Amino acid sequence: MTSIDLNADLGEGFGRWRLTDDERLLSVVTSANVACGFHAGDAATMRRVCEQAAARGVRIGAQVSYRDLAGFGRRAMDVPPAELAAEVAYQIGALEVFARAAGARVAYVKPHGALYNRVVHDEEQAGAVIDGVLLADASLPVLGLPGSRLLELADKAGLTPVTEAFADRAYTEQGTLVPRGLDGAVITDPEAVVARSLGLARAGAVTSHAGTRVEVRARSLCLHGDTPGAVELARRVRDRLEESGVRVEAFV
């Protein structure tokens, strides 16, 4: 039977401000990418989300990013490799405290935003992320885009690379994500998102922004939690996957 993990970015608030409906999304997803304070999140938020995830048996992942609260981690930055490696390890360590307190562990690492896109092609920045993961915990899998430098270097370093796809993001013909600043970069039609989810899970393919078929073979499917109606859409995706015979389960 075909199986796939469903992940979502959670804990993306700060202080009294909350962006994602963490508790309801945790009833749908199997893996939670928890913001570690650099693009969003704070100590209390991380603790709360870890407790909720652990109670539901959802795997906890460290969503690491550039230090960019004002830009939500989506602004391009040039960070020296040694500094970036230390900051990645720092974020993983911070989340691990709260995961352990909840009776769980950080189970994997996923870059966020500008860092996620940068490490698709940038070997130096990708290497710095891998160095940070190794510094924090050399047993942690790394989640990223198929064919990325990040996953290639993770494999070379002895880490487990885990491929990821996006049901609500447009793809280029090269299999990369269309930049958010371009029209159509985010798929908003619910039926289109559901259909793309099925195609990714069952056929390992998606239709690109240009209308061509692109192979995207992924073990995990990301559902963004910061879009309108995110919880209802995530539930529809999961229900349709299971109805079609796809087993939804964590990759780790």
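Residues numbered from 1 in each chain as written. Predicted model: local features only at pLDDT ≥ 70, side-chain atom pairs only at ≥ 80, totals over all residues. Heavy atoms only, no water.

Student: When you look at the overall build of the chain in this model, what are you seeing that I'm missing?
Tutor: For the chain, the helix and strand inventory stands at eight helices and 10 strands. The C-alpha radius of gyration of the chain comes to 17 Å, within 12% of the 18 Å expected for a compact globule of 252 residues. Across its three principal directions, the C-alpha atoms of the chain cover 40 × 35 × 35 Å. The proportion of buried residues among the 252 residues of the chain is 55%. Approximately 10,600 Å² of the chain is accessible, and the part contributed by carbon and sulfur atoms is 50%. Charged side chains in the chain number 28 positive and 33 negative. The centres of these two groups are separated by 4 Å. (Helix = DSSP H or I, 4+ residues; strand = E, 2+ residues; numbered from the N terminus. Rg over C-alpha atoms; globule rule 2.2 N^0.38 Å. Buried < 20%, exposed > 50% of the residue type's maximum accessible area, 1.4 Å probe, protein only. Areas by Shrake-Rupley, 256 points an atom, 1.4 Å probe, with all protein chains shown as cover. Lys, Arg positive; Asp, Glu negative; His and termini not counted. Charge placed at Lys NZ, Arg CZ, Asp CG, Glu CD.)

Student: What exactly am I supposed to notice about a nonpolar patch on the surface here?
Tutor: Taken together, F14, W17, L19 and L69 make up a surface patch of nonpolar side chains, about 380 Å² in accessible area. Accessibility expressed as a relative area gives 32% for L19, which makes it partly exposed. (Patch = residues over 30% accessible without salt bridge, like charges linked within 9 Å, V, L, I, M, F, W, Y side chains within 5 Å. Salt bridge = Lys/Arg side-chain N within 4 Å of Asp/Glu carboxyl O.)

Student: Looking at this structure, how should I read unusual backbone geometry?
Tutor: A negative phi holds for most residues other than glycine; trans holds for most peptide bonds. At F72, a position not held by glycine, the phi torsion is positive, near 60°. By secondary structure assignment, the location of F72 is in the loop between β3 (59–64) and α3 (81–101).

Student: How should I be thinking about the pattern of salt bridges in this particular structure?
Tutor: Note on pairing: side chains with opposite charge can pair once their charged atoms come close. The final tally for this structure, using the stated rule, is 23 salt bridges. A salt bridge links R149 to E152; the nearest nitrogen and oxygen atoms lie 2.5 Å apart. Linking R149 with E152, this pair stays in helix α6 (residues 149–156), spanning three residues, or about one helical turn. Overlapping salt bridges, with partners in common, bring together E96, R100, R105 and D137 in one network.

Student: I'm lost on the pairing of strand β4 (residues 106–111) in this one. Help?
Tutor: Within a regular beta strand, the side chains point alternately toward one face of the sheet and then the other, so they alternate between its two faces. Summarising burial for β4: six of the six residues are buried, a large majority. Inspection of the sheet shows β3 paired to β4 by five bridges, in the parallel sense. When the bridges of β4 are listed, V64 appears paired with P111. This β-α-β element, β3 to α3 to β4, shows right-handed connectivity. (Pairing = 2+ DSSP bridges. Right-handed = clockwise from strand over helix to strand, strands pointing away.)

Student: Explanation requested: helix α7 (residues 190–202) in the structure shown.
Tutor: Since the α-helix packs 3.6 residues into each turn, any two residues three or four apart lie on the same face. Helix length check: α7 (13 residues) gives 18 Å between terminal C-alpha atoms against 18 Å at 1.5 Å per residue, within 8%. Residues V193, V194, R196, S197, L198, L200 and A201 constitute the buried set of α7. As for α7, its buried residues are in contact with β1 (3–10), β6 (161–166), β7 (205–207), β9 (220–222) and α8 (230–243). Downstream of α7 by one or two residues, G204 has phi in the positive range, about 65°. (Expected span 1.5 Å × (residues − 1). Contact = heavy atoms within 4.5 Å.)

Student: How should the side chain of S148 be read in this particular structure?
Tutor: Within the secondary structure, S148 is located in the loop between β5 (142–144) and α6. Ignoring any residue separated from it by four or fewer positions in sequence, one finds S148 in contact with V119 and V120.

Student: Help me understand the nonpolar core, please; the structure alone is not making it clear to me.
Tutor: One recurring pattern in soluble globular proteins is that nonpolar side chains are buried together. Counting 75 residues, the largest nonpolar core has I92, L95, V133 and L241 as its most contacted members. Considering every element that reaches this core, the biggest residue donor is α3, with six residues. Non-local contacts of V133, meaning those with residues more than four positions away in its chain, are made with V88, I92, V109, A138, L140, V142 and L159. (Core = buried A, V, L, I, M, F, W, Y, C linked by side-chain atoms within 4.5 Å.)

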